[in-house]
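This is what each chain is made of:
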Amino acid sequence: MTTIIHPENAAIEGIGEPCKRRAGVAGKTWRARGLSDRAIAWLFVAPTIALLLAINIFPLIWMIRLSFTSLNLSMSYLPLRFVGLDNFQDILTDEDVWARLQTTAQFVICSVALQVVVGFGLALLINRQFRSHSFWTTIILLPMMLSPAVVGNFWTLLFQPQIGPFNYLVSLFTGLPPSSFSMTGEVALAPWTIVLVDTWMWAPYVMLICLAGLRSIPDYIYEAAEVDRASSWRQFWSITLPMTVPFLMLAVLFRAIENFKMFDMVNLLTSGGPGSTTELVSITLKRAAFEKWRTGYSSALAIILFVTVFGAANIYVKALKRVKQR
Amino acid sequence: MRKSAARKSSKWAGGALALFAGVTLSAVATQPAAAESKQLTLCWAAWDPASALVELGKDFTKQSGIEMKYEFVPWTSYADRFLNELNSHGKLCDLIIGDSQWIGGAAENNWYVKLNDFFDKEHISMDDFVPATVVGYSEWPKNTPNYWALPAMADAVGWTYRKDWFSRPEIQSAFKAKYGRDLAPPKTYEELKQIAEFFQGREIDGKKVYGAYIFTERGSEGITMGVTNVLYNYGFAYDNPKKPYQMQGYVNSPDAVKGLEFYKELYRCCTAPGLTNAYMQEGLDAFKSGQVAMQMNWFAFFPGLYKDPNVGGEKIGFFVNPAGPKAHFTQLGGQGISVVATSDHKDDALAYIKWFAQPSVQQKWWQLGGYSALKAVVDATDFPKSAPFAPQFLESMAIVKDFWAEPSYAQLLLDMQKRVHDYVVADKGTAQQALDLLVKDWTKVFGEQGKKVASE
């Protein structure tokens, strides 16, 4: 068996010049067999790169190309025209698209804010030791383990105005007749319905991230605070919260990106309705691409969304780094 | 000892080889037989008539030896699923029962095999079928003798009502006291609204009931297929009959605005709560659970409803889509059967169509729960008596009107879904604004398609 010692490591190995020669001999042996270290490295990496190129980079480049064309798959007999930036202009001057972006922003802000509050609260509770702690942790984590399709259908039944238990529960507390309101069918309630269900499903995820943050705070800091007779409230504001902020910011980043792309759960719950009240931009994109078959237009919309999320995430990551440095 | 072990293992090896050879030989021997067993895949929606078609298809297999395989997809994803399949030139379907509005796109994109030569060769005449179904399901361009499908499943929007409730003396007298006329299936939309208002919130057999069930679904085609039944009858037209694609003043005419307002009033006054995104299945559920007095739905479901143990038989009645102040139409449903151009089994698929077009097969199709479009079946003297909903079906098929069947139909449909749902369900803007925006949307779509749209 041939042992290869890298020249940089020769001094550490304490072998010196003869070793370099030996390494040279070894290198020659590999070359004689036709494979250098670099070639082996490439051999291992090549399938991944090929796969990445085939299913990620190539479609991306293809999509960029299509975004400058008039392609409509339901009318593929029409000649393909290069339309320059027309699709982008159409999108950016379309009031409906702006309205959908606004709806998406409202959904992202409300649901992420609520998830952070609920998730952090749950993490503070779960961070304490109490009886049946593991059992409750598992129960709390259950919703995020479910498929969004299951969650969508399950909540649709719960919200059914005539037989759904949710309306009966509300009527117990408010005295309103159960069938007098529809959570998914009323303009005023439907946006809150999707926020509620998303929070129910994903607050446990935020809780997990916050829990990791809480457990990373060394005990001696709290002990020192207690020596200084700091109250629990003061400990929370001066130690717990500042030290978990980077984790909270990370949770906000993950959830905001995910919610910006939210499709399945909302599609099942409201189909974007009533009217277009809960039509998130991902639903608009799906309708343009796979129901209206406007491939050129939807490619342009996908690029705009990608750039928006990518840009916003980059600014956010820079802010996160600054917070961490502090 | 070693020798006997070696002999034993060589015996095992010999046995294994013989077994392998036997299996291989028998596989080779049965290969021609396997190649001979033919199979066709038929794609359609998953609903009551599909079960009838499976039953009917057994006769075809018996006669031809061709196995039938079925790919049925729920209505809500039917268009997405199969248009995607056709767009990508897939080979899943040999035969497809595609929606009437697909015909333009299917013809222009060459997704379907043109059937003119085949019809001529097999002496299948389109004159033998109900004219509305030929125009609606087979022809592209419309009203020209270019056939891309054989009318397979005639259908239209109709209504069911609770005959048992309507005939109760106390309900009859209460209605007469309020409206000064007898309670009977409505002939006009005004009458329908009165009846719906009368039943809304009324307690029958200790249960609160509602007036009417109408389509409100947002995602696919639901609310459009519902609202057009009112719009047509109030004076809405897709375009100027003399200037094709001139929509201004037709789609958004004052009469069309009144029709849209009426649909919203009906939705607000007389439907069950929570039905904000409801289509065929929700209607069936509402009717079967005894929740509504009247239900808008497709004729295709009526055989199943008539057989329902709770609301069927003597308890159910049927009526034609009521007239409006300006006209009397109903929305066309139904589909034609086509051969998919990318199929590897086109000849077998054509053989199926030839078999399906026979009068005896069409007669059995109707008996099993499908709706034949063959004149020999529907014009037979005993047809009106063959089912309690047959007379209404015949009457409806004479007054049908369809949505656009252009290649861009999906865009046109989704635009209408959005504008109508925004106004009717989400209470956004006015009817005039909704229809003006619809004209703007449709003008843009036709522009992209290269059609000249006259504004005045």
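Residues numbered from 1 in each chain as written. Chains lettered and ligands numbered in written order. Predicted model: local features only at pLDDT ≥ 70, side-chain atom pairs only at ≥ 80, totals over all residues.

Structural notes on the overall build of chain A
Counting secondary structure elements, chain A contains 14 helices and zero strands. The helix and strand sequence of chain A, counted from the amino end, reads α-α-α-α-α-α-α-α-α-α-α-α-α-α. Across the 326 residues of chain A, 28% fall into the buried class. A fraction of 67% describes how many contacts in chain A between residues 6 or more apart in sequence connect residues 24 or more apart. (Helix = DSSP H or I, 4+ residues; strand = E, 2+ residues; numbered from the N terminus. Buried ≥ 20, exposed ≤ 12 C-beta atoms within 10 Å, placed from the backbone. Contact = placed C-beta atoms within 7 Å.)

Here's the deal with the sheet that holds strand 12 (residues 335-339) of chain B
Where strands meet in a sheet, backbone hydrogen bonds hold them as pairs that are either parallel or antiparallel. All names here are of chain B. Strand order in the open sheet formed by five strands is 2-1-3-12-4, and the pairing between neighbours is mixed. At either end of the open sheet lies a strand with only one pairing partner, and these are strand 2 (67-73) and strand 4 (150-153). Pairwise comparison of adjacent strand axes, ignoring direction, gives a mean angle of 30 degrees for this sheet. Of the strand pairs in this sheet, strand 1 (residues 39-45) and strand 3 (residues 95-99) are connected by two bridges, and their pairing is parallel. Bridge pairing links L42 to L95 in strand 3. Of the strands in this sheet, strand 1, strand 2 and strand 3 touch helix 3 (residues 75-87), which is tilted by about 110 degrees from strand 2. Along the sheet, helix 14 (residues 346-356) makes contact with strand 1, strand 3, strand 4 and strand 12, crossing strand 12 at roughly 145 degrees. (Pairing = 2+ DSSP bridges. Axes fitted to C-alpha atoms, helices over the stretch in contact; angles between N-to-C directions.)

Considerations on the interface of chain B and chain A
Residue-level contacts link 27 residues of chain B with 28 residues of chain A. Secondary structure elements with two or more residues in the side of chain B that touches chain A: helix 3, helix 4 (103-108) and helix 18 (409-424) of chain B. Looking at which element gives the most residues to the side of chain B that touches chain A, the answer is helix 18 of chain B, with six residues. Tallied by class, the residues present in the side of chain B that touches chain A amount to six nonpolar, 13 polar and eight charged. (Nonpolar A, V, L, I, M, F, W, Y, C, P; charged D, E, K, R; others polar.)

What to know about the sheet that holds strand 9 (residues 292-298) of chain B
Residue and element names in this part refer to chain B. Taken together, four strands build an open sheet; the order of strands is 8-9-5-10 and the sheet is mixed. The sheet terminates laterally at strand 8 (210-213) and strand 10 (316-320), the two strands that pair on one side only. Each adjacent strand pair in this sheet contributes to an overall mean axis angle of 20 degrees, direction not counted. Sheet analysis places strand 8 next to strand 9, joined by three bridges and oriented parallel. Bridge pairing in strand 9 places A212 opposite M294. Packing against the sheet, helix 9 (residues 189-199) makes contact with strand 8 and strand 9, and its axis sits at approximately 135 degrees to strand 8.

Regarding the nonpolar core
One finds L95, I103, W148, A212, L260, V292 and M294 of chain B to be the most contacted residues of the largest nonpolar core, which totals 140 residues. The greatest single-element share of this core, amounting to nine residues, is contributed by helix 18 of chain B. With residues up to four places along the chain from it excluded, the contact list for L260 of chain B reads V227, L231, Y423, A431, A434 and L435 of chain B. Among the nonpolar cores identified, the runner-up in size contains 40 residues, and V112, L122, A203 and I209 of chain A belong to it. (Core = buried A, V, L, I, M, F, W, Y, C linked by C-beta atoms within 7 Å.)

A short note on unusual backbone geometry
With an omega of -5 degrees, the peptide bond between G273 of chain A and P274 of chain A qualifies as cis. If you trace the backbone, P274 of chain A turns up in the loop between helix 12 (264-269) and helix 13 (281-290). Look at the link from W140 of chain B to P141 of chain B: it is a cis peptide, with omega at -5 degrees. Looking at where P141 of chain B falls in the secondary structure, it is placed in the loop between helix 6 (131-138) and strand 4. Backbone geometry places S271 of chain A, a non-glycine residue, at a positive phi of 55 degrees. Here S271 of chain A shows up in the loop between helix 12 and helix 13. Classification of S271 of chain A by C-beta neighbours within 10 Å gives buried; the count is 22. You will see that N143 of chain B, though not glycine, has its phi angle at about 60 degrees, which is positive. Along the chain, the position of N143 of chain B falls in the loop between helix 6 and strand 4.

Here's the deal with the confidence of the model for chain A
Per-residue confidence for chain A gives a mean pLDDT of 89, with 90% of residues at or over 70. A low-confidence stretch, residues 1-27 of chain A (pLDDT under 50), is modelled with 17 contacts involving residues beyond four sequence positions or located in other chains. (pLDDT = per-residue confidence, 0-100.)

A look at the packing of helix 5 (residues 95-126) of chain A against helix 9 (residues 190-215) of chain A
All names here are of chain A. One way to put it is that helix 5 packs onto helix 9 with a least axis distance of 6 Å and a crossing angle of 45 degrees. In terms of their interaxial angle, helix 5 and helix 9 are classed as oblique. Handedness of the helix 5/helix 9 crossing: right-handed. Of the residues that constitute the contact of helix 5 with helix 9, the class distribution is 19 nonpolar, five polar and one charged. (Parallel < 35°, antiparallel > 145°, perpendicular 65-115°, else oblique. Left-handed = near helix turned anticlockwise from the far one by under 90°.)

Quick notes on the confidence of the model for chain B
On average, residues of chain B carry a pLDDT of 92, and 92% of them reach 70 or more. Predicted complex, confidence summary: ipTM 0.79, pTM 0.84.

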